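# Geometric and topological summary
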Amino acid sequence: MPHDVTRLYLLRHAHAGFAETGQRDFDRRLDAKGEREARFMAETMAREGWTPEVLVSSSATRCRQTSAAVLERLGDGTAAEIDGTLYEGSLQTYLGIVNARREQSMMLVGHNPVIEEMFWQLAGEAAARDHLHSFYPTAGLAVLDRAENGWRLTAMVSPPGDL
C-alpha cells in the first residue's frame, strides 16, 4: 500500500523551563529562549516555503506553544491537530501517526527522545551523524522527503545557540 505522506517535518518543541514545585512535566511552558526559538523556526519555515498540510502536536503545553508560533506565521494553509498519544508515545506511536495520514505533507511536533529516534531511523545513520552533534536540539527541524527506498533528509535546521 503506498504511503500518502511524501514530506515529513519533525520538530522538537522549543526550550522549556524547569517544572516549578508541584507542576507536572506536561504543564511546563516555553521559557524566553524557547519563545525566541519557536519564532525563529516559524520565520525559517515561512522564508523557505515549508508549509505542511497538517501539523500534529503533542498535547503538552510546550508543544502546543511551539505549534502556535509556527501556525501563527504560516497562516491558514496548515490544519492543526492535537494528539495526546505523542506526549508519552514511543517511536511506534509516532510512526503509526505518520503512516495513518493521507496528506502529502505533515509536521509532527513532539518530544525527545522519540523525535531523535525517529530522525535516526528515517534519515539513516550517516545523515544523523552528519547533522546531530550530540542530541536533537530544542526547536530543531528535520525536513524529510520520501524516496524510493525510505526517506531522504532534505534539510536540518536548528536555532542559533545565541538566541
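These lines cover the structure that appears in this document, whether it is placed above or below. These numbers come from a predicted model, not from an experiment.

So, about the pattern of salt bridges. For the structure on display, the rule yields 10 salt bridges. With its nearest N and O atoms 3.4 Å apart, the salt bridge here joins Asp4 to Arg102. In this pair, Asp4 sits in the segment before β1 (7-12) while Arg102 sits in the loop between α3 (91-100) and β4 (105-110), placing the two residues 98 residues apart along the sequence. A salt bridge links Asp145 to Arg7, with the shortest nitrogen-to-oxygen separation between them at 2.7 Å.

The interhelical angle for the contact between α3 and helix α4 (residues 114-123), taken along N-to-C directions, is 65 degrees, at an axis separation of 9 Å. Between α3 and α4 lies a crossing of right-handed hand. The segment α3 lies against α4, with Leu91, Tyr94, Leu95 and Val98 engaging Val114, Ile115, Glu117, Met118, Gln121 and Leu122. Split into classes, the residues belonging to the contact of α3 with α4 amount to 8 nonpolar, 1 polar and 1 charged.

Cut-off values and rules
- Residues numbered from 1 in each chain as written.
- Predicted model: local features only at pLDDT ≥ 70, side-chain atom pairs only at ≥ 80, totals over all residues.
- Heavy atoms only, no water.
- Salt bridge = Lys/Arg side-chain N within 4 Å of Asp/Glu carboxyl O.
- Helix = DSSP H or I, 4+ residues; strand = E, 2+ residues; numbered from the N terminus.
- Axes fitted to C-alpha atoms, helices over the stretch in contact; angles between N-to-C directions.
- Left-handed = near helix turned anticlockwise from the far one by under 90°.
- Contact = heavy atoms within 4.5 Å.
- Nonpolar A, V, L, I, M, F, W, Y, C, P; charged D, E, K, R; others polar.

Without other data, these values stay purely geometric and don't point to any function.
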